[in-house]
Amino acid sequence: MRVRILAAGKPALAYAKSGVEEYLKRLGRYGSYELDYLKAGDSATVSAALLERSAGNFRIAMDERGEVLGTQAWADKFASLEMRGDVKAVSFLIGASDGHTEELRRTCDAVWSLSRLTMQHELALVVLLEQLYRVATLRRGEPYHR
Ligand SMILES: C[S@@+](CC[C@H](N)C(=O)[O-])C[C@H]1O[C@@H](n2cnc3c(N)ncnc32)[C@H](O)[C@@H]1O
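Throughout what follows, the structure given in this document is the object of discussion. Bear in mind that the values here come from a model prediction, so they are computed numbers and not experimental data. Sequence order as written defines the numbering, with residues in each chain counted from 1. Totals for whole chains, interfaces and linings use every residue, but because this is a predicted model, local features are given only for residues with pLDDT of at least 70 and side-chain atom pairs only at 80 or more, for both listing and counting. Think of the side-chain values as coming from all heavy atoms in the structure, minus any hydrogens and water.

**What about the nonpolar core?**
Nonpolar side chains in soluble globular proteins tend to end up buried together.
At step 1: Residues belong to a common nonpolar core when they are buried Ala, Val, Leu, Ile, Met, Phe, Trp, Tyr or Cys residues joined through side-chain atoms within 4.5 Å. With a 1.4 Å probe rolled over the protein chains alone, any residue whose accessible area is under 20% of its type maximum counts as buried; one over 50% counts as exposed, and the rest are partly exposed. Residues W74, F92 and L132 are the most contacted members of the largest nonpolar core, which totals 33 residues.
At step 2: In terms of residue count, the dominant contributor to this core is helix 5 (residues 121–139) (9 residues).
At step 3: Throughout, a contact is declared for two residues whenever any of their heavy atoms are within 4.5 Å. Those residues in contact with L132 that sit more than four places away from it in its chain are V3, I5, L27, Y33, W74, F78 and F92.
At step 4: Counting 12 residues, the second largest nonpolar core, distinct from the first, contains L6, A8, A61 and C108. What counts as a helix is a DSSP run of H or I of at least four residues, what counts as a strand is a run of E of at least two, and both are numbered from the N terminus.

This is the structure in C-alpha cells:
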C-alpha cells in the first residue's frame, strides 16, 4: 500500500525542513512513502486541490477536530487497510493556514487529529511523519516505539 502525504506549501522553517528530510529518509526503508506539496492558498482552493490530487485514494484529513488515536491504534488501522485489498494508496491531507473546508472533512474517509492543539502546518507535517515512522517500526517489531 502506497502512503502519500499531500501538504499545502513547502516548509520554510529550518527545523521543519530538516525534520521532514530526516523522517522521509528513515521511512524510505519501510515502504512507499511519497510527500507532495501543493501551492498554499485560501482554504477553498487548497481543499479542492487536495481532494483532486488524492482522488481514488483512501483519504485521511489531518485536522484538529478529528479522531485522536494512539500509536498502536494507527498501526491497527494501517493493518486493516492493507487487509482490505481495495486500498492501493492512502493519502494524508495537511491543510494550509486556514485549514480544511467542511466539505473536505465530509468527503474524506477519515479525519484524524494529532492532538486537540492547533499546530502550525509545518509542525503538523513533521509530527505526522514521525508518527508514520513510529508506526512503521512498531509494525516491524523494532524497539523505536516504547
Ligand atoms: C494552522 S492549521 C489550520 C488551523 C485552522 N484554524 C483550522 O481550523 O483547521 C494548518 C493545518 O495543519 C494541520 N494540523 C494542525 N493542527 C493539527 C492537529 N492537532 N491534528 C492534525 N492536523 C493538524 C491540519 O492539516 C491543518 O489544516
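**Some points on the pairing of strand 4 (residues 89–94)**
At step 1: In terms of burial, strand 4 is a largely internal element, 6 of the 6 residues being buried.
At step 2: Along strand 4, one buried face is formed by A89, S91 and L93 and the opposite face, lined by V90, F92 and I94, is buried too.
At step 3: Two strands form a pair only when DSSP identifies at least two bridges running between them. One ladder, built from 6 bridges, connects strand 1 (residues 2–8) with strand 4; its direction is parallel. Looking at the pairing, A7 lines up with I94 of strand 4.
At step 4: One ladder, built from 4 bridges, connects strand 3 (residues 58–68) with strand 4; its direction is parallel. By the bridge assignment, I60 is partnered in strand 4 with F92.
At step 5: Taking the sense of rotation as the criterion, the β-α-β connection linking strand 3, helix 3 (residues 71–84) and strand 4 turns out right-handed. A right-handed crossover is one whose linking path, passing over the helix from the first strand to the second, runs clockwise when the strands point away from the viewer.

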